[in-house]
Every structure is written in structure tokens, then in C-alpha cells.
Amino acid sequence: MAMAAMAAAEAATATATAAAAQTLKGHDDRVWHVAWSPCGKLLASCGADKSIRVWAKSPKAPGAAGGAAAASPAEDEWLCVATLEDTQSRTVRSCEFSPCGSYLAAASFDATVVIWQRGHREADDGSGAIEEWECVSVLEGHENEVKSVAWSADGSMIATCSRDKSIWIWEAPPATTPQARLPEEDIECECISVLTGHSQDVKHLRWHPTEPVLFTASYDDTIRVWAEQVDDWGCVEVLQGHTNTVWGLCLDSSGTRIASCSQDCSVRIWSRSDKGTWACDKVLDEIHERTIFSIDWSRDGSRIATGAGDDAIAVLEASSDVVGSDFSVTRKLLAAHDTDVNCVRWNPQDSHILASAGDDGFVKLFFLP
């Protein structure tokens, strides 16, 4: 009876929470990735239809400028304000906004990374500003599918990783504000370093939130930590523990903890010692029944979200603010998507808003009190 009651309570929680979701439709195939702008007002998504879509709250929505105050963010209507396409010939696997919010980098299975710059112009009917995006740079060099792209915290570098087992670090375009007139010439982004060491496909990467340190996750079951040394970048530590492909990782805002997820269906929490080395503190292996594809830590550090091949999203919270404290699932969104959940991302300005991408071709927004 206790087990049945627990299952019923979990199902009720999942159903009630999932009802507070918005589904953003527009992609014609599976959606691989979602990314928020630093201000949390734009959401980008990309997928197998070779396109990137940029979403924003409707100008007429209750919570948008000029509208009545919304009772809750769930009442806001999100619309596609730009579709970026015809630049990459295969699946767009990953996209990320720059820290200044004016650029969007997109990694594709065609082995390229495209940098889009954001602009705006006033609508002819005086209804307000219209989003404009221009392709300003194409990064070429990888020999195979590019799986992930990330901007360093200060916006000066871009990192990319690929099925070719390598990680490339590039100079990033100069920080700017959205332009009323976009540049007519391409921006050159030179390669700073090519990093090798993983023995298999490199799936995902993230930068440290305050330091020039890079973390990569691979099909070889490891996480590698990279930093600039005397004359080049190099691997400074290899984190081992997962028993299958590491699909994703994230860091808390302090940069002292890592959360990683894997095909072994576990989440591992790693902490950095006073000496700067990393060790696994916790292994959570009863969250999902199938591969965990994505993991993200909320900006305020209170929540971790996971998305998996069991079509569910889980929200984990720590029992206290103490490093190494136990995490537990406080909310489980069953059937969050009709098929695999490929990506989850918290809004950087509101840890109650979670975006997700799925194989069902949808982007979803969940509003979690």
C-alpha cells in the first residue's frame, strides 16, 4: 500500500506540474538543444531540421512591455521571433548565446560552427523593434560532426567539440550590443588551440563560470579538465567514475561543484578540493530508467534538472547549502515529451522556469514554483 501511494503521489505531482507547461511549435524534426540569452528574455532552439529558432514573449502578452502585469510567468505567450537557416547543411546540434547577448553560436553535424549576430530595426507600422540576425562568421576545422559549443565566461573564447575526438578553442567576436545596422563584412575568429586526449567522440563541454577552465564529456566515459599552461592548453585532470558515455555536465555558479549525467543512468556530483582537484561526492542512480542526456544547475544553485531517454524530466534539490549535502528528486515530470528529452536549461534570471527540447520536435517551458 505504501508503494502504491507513493507512485500515485508521484504521478499526481508530475501531472499537475506538466500542466503548467507551454509547448512551442515550429521545428519540423527533433529538437536537440535549447539555450537562454543572459537576460533570460530570449530562448534559442536548434534541431535536425537544420534551423535555429529564437523565441520571445509576445509584445502583447501580459508580462511583456506594454501589457498588463501577468499573474504568473505561465500566462506569458512565447512566440518565434526569428528563424535562422540556410547556412548549415546538416543537423544543428547545439547553440549558445554569448555573454553579451548579441551573438549566437551554432554547432552542426556538417562540421561547422556558425556565429550569428543580433540586430534590430523598427517595424514599418510602428509596432516596435523587429529581431534581425546575420551570419557573421563560419568556424571550420573539425573533421566530423560538431556536437557542442560554449562561450567562456568573459566572452573572449569559444570552445567546440566533435566526433573527431578533438576540442577546438577559438577567439570570439568582440562584445557588443544589438546593432540597428549589422556589419556587412565577416568577423574573423582564429583558432587558439586544438586539444586532444579523449579516445572517443566528445559529446559536450562547459566553461568554468569565473575561470578560464574548460570541462569536456565524452563517449570514452570520462570528463576532462583543461586549462592554459605555459605555452598552450592542456588536460590537467581526468575524472573517472561513470561506466558509460558521459552525455552532459554543468557547474554551479560558484564553480566549486560539477554535476554530470551518463548513459549509465546516473548523476554524479563532484566537488573541488582546496588543492584544486575534483572528487566525486555523490552518485545518484535511481532518477531515470534510461540514458540521462542533459543536466543543468539553476543560477541560484537551488536546483538541478535532468532530461532523459525515459521521456521524463527530474528536478533535484539539496537538503542544505552545505557542499556534499544529499540531493533528492523533489519533482518528476513524467512524459514531459513524447519521446527522448534531449536538453534541459534553467532560465538564468528565474530558477522557476525550465526549458526543454525533445525528439518529438517540441520546445517546452515548465513553470515550477
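These numbers were taken from a predicted model, which means no experiment stands behind them.

**Considering a negative patch on the surface**
Here comes step 1: Side chains of Glu134, Glu171, Glu185, Asp186, Glu188 and Glu190 sit close together on the surface and give a patch of like negative charge.
Here comes step 2: By the secondary structure assignment, Glu134 is in strand β9 (residues 129–140).

**Digging into the state of the cysteines**
Here comes step 1: Scanning the model with the defined rule gives 0 disulfides in all.
Here comes step 2: No disulfide involves Cys46; its sulfur sits 3.7 Å from the nearest other cysteine sulfur, which is in Cys95.
Here comes step 3: Overall, the relative accessible area of 0% leaves Cys46 in the buried class.

**Some words on the sheet that holds strand β15 (residues 213–218)**
Here comes step 1: Taken together, the 4 strands give an open sheet; going across it, the order is β14-β15-β16-β17, and neighbouring strands pair in antiparallel fashion. The sheet is open, and its two edges are formed by β14 (202–207) and β17 (233–239), each paired on a single side. The mean inter-strand angle of the sheet, taken between neighbouring strand axes irrespective of direction, is 25°.

**Digging into the packing of aromatic side chains**
Here comes step 1: Applying the stated criterion to the full structure yields 8 aromatic pairs.
Here comes step 2: Ring geometry for Tyr103 versus Trp151: centroids 6.1 Å apart, planes at 20°, classification stacked. Taken together, the positions of Tyr103 in strand β7 (residues 103–108) and Trp151 in strand β10 (residues 146–151) put the pair 48 residues apart, joining distant regions of the chain.
Here comes step 3: Taking 5.9 Å as the distance between ring centres and 85° as the angle between the ring planes, the aromatic pair formed by Trp297 and Phe327 counts as edge-to-face. One end of the pair, Trp297, is in strand β22 (residues 292–297); the other, Phe327, is in strand β25 (residues 327–333), and 30 residues separate them in sequence. Like Phe327, Trp297 is buried.

**A look at the pairing of β7**
Here comes step 1: The buried fraction of β7 is high, at 6 of 6 residues.
Here comes step 2: Residues Tyr103, Ala105 and Ala107 point to one face of β7 and Leu104, Ala106 and Ser108 to the other, with burial holding for every one of them.
Here comes step 3: As defined by bridge partners, strand β6 (residues 92–97) adjoins β7 across 5 bridges and the pair is classed as antiparallel. Bridge assignment links Ser94 to a residue of β7, and that residue is Ala107.
Here comes step 4: Hairpin connection of β6 to β7: 5 residues between the antiparallel strands, including Gly101 at a positive phi of 85°.

**Digging into the nonpolar core**
Here comes step 1: Counting 17 residues, the largest nonpolar core has Ile52, Val54, Leu84, Leu104, Trp116 and Trp133 as its most contacted members.
Here comes step 2: At the level of elements, β3 (42–47), β4 (52–57), β5 (78–84), β6, β7 and β8 (112–122) are the ones that each hand at least two residues to this core.
Here comes step 3: Not counting residues within four places of it along the chain, the set of residues in contact with Trp116 comprises Ile52, Leu84, Glu85, Thr87, Ser102, Tyr103, Leu104, Trp133, Glu134 and Cys135.
Here comes step 4: Listed in part, the 16 residues of the second largest apolar core include Leu139, Trp170, Ala172 and Cys189.

**Side note on the environment of Gly155**
Here comes step 1: On the secondary structure map, Gly155 appears in the loop between β10 and β11 (157–162).
Here comes step 2: Note: C-alpha distance between Gly155 and Ala172 (17 residues apart in sequence) is 6.7 Å.
Here comes step 3: In this structure Gly155 touches Pro99, Ala172 and Pro173, once residues within four positions along its chain are discounted.

**Looking at the sheet that holds β25**
Here comes step 1: Strand order in this open sheet of 4 strands is β22-β23-β24-β25, and the pairing throughout is antiparallel. Pairing within the sheet leaves two strands with one partner each, and these edge strands are β22 and β25. In this sheet, adjacent strand axes meet at a mean angle of 25° when their direction is disregarded.
Here comes step 2: Bridging between β22 and strand β23 (residues 303–308) involves 5 bridges; their strand directions are antiparallel. When the sheet's bridge partners are listed, Trp297 is paired in β23 with Ile304.

**Observations regarding the UniProt feature "repeat: WD" (unreviewed entry) in the chain**
Here comes step 1: Annotation from UniProt places "repeat: WD" (unreviewed entry) at residues 24–55, 85–117, 139–171, 195–226, 239–271 and 334–369.
Here comes step 2: A distance of 14 Å separates the end C-alpha atoms of residues 85–117, which is 0% helix and 55% strand.
Here comes step 3: Spanning residues 334–369, this segment combines 0% helix with 58% strand, and its end C-alpha atoms are found 17 Å apart.

**Some details on the pattern of salt bridges**
Here comes step 1: Evaluation of the coordinates by the stated rule reveals 11 salt bridges.
Here comes step 2: Its salt-bridge partner being Asp76, residue Lys57 comes within 3.6 Å of it at the nearest N-O pair. In this pair, Lys57 is assigned in strand β4 and Asp76 in the loop between β4 and β5, connecting sequence segments 19 residues apart.
Here comes step 3: Using a relative accessible area of 31% as the deciding quantity, one classes Lys57 as partly exposed.
Here comes step 4: The salt bridge involving Arg303 is made with Glu317; its shortest N-O contact spans 3.4 Å. In this pair, Arg303 is assigned in strand β23 and Glu317 in strand β24 (residues 313–318), connecting sequence segments 14 residues apart.

Criteria and thresholds
- Residues numbered from 1 in each chain as written.
- Predicted model: local features only at pLDDT ≥ 70, side-chain atom pairs only at ≥ 80, totals over all residues.
- Heavy atoms only, no water.
- Patch = residues over 30% accessible without salt bridge, like charges linked within 9 Å, V, L, I, M, F, W, Y side chains within 5 Å.
- Areas by Shrake-Rupley, 256 points an atom, 1.4 Å probe, with all protein chains shown as cover.
- Salt bridge = Lys/Arg side-chain N within 4 Å of Asp/Glu carboxyl O.
- Lys, Arg positive; Asp, Glu negative; His and termini not counted.
- Charge placed at Lys NZ, Arg CZ, Asp CG, Glu CD.
- Helix = DSSP H or I, 4+ residues; strand = E, 2+ residues; numbered from the N terminus.
- Disulfide = S-S within 2.5 Å.
- Buried < 20%, exposed > 50% of the residue type's maximum accessible area, 1.4 Å probe, protein only.
- Pairing = 2+ DSSP bridges.
- Axes fitted to C-alpha atoms, helices over the stretch in contact; angles between N-to-C directions.
- Phe/Tyr/Trp six-rings, centres within 6.5 Å; stacked < 30°, edge-to-face > 60°.
- Core = buried A, V, L, I, M, F, W, Y, C linked by side-chain atoms within 4.5 Å.
- Contact = heavy atoms within 4.5 Å.
- UniProt positions renumbered as here; feature names shortened; annotations may be inferred.

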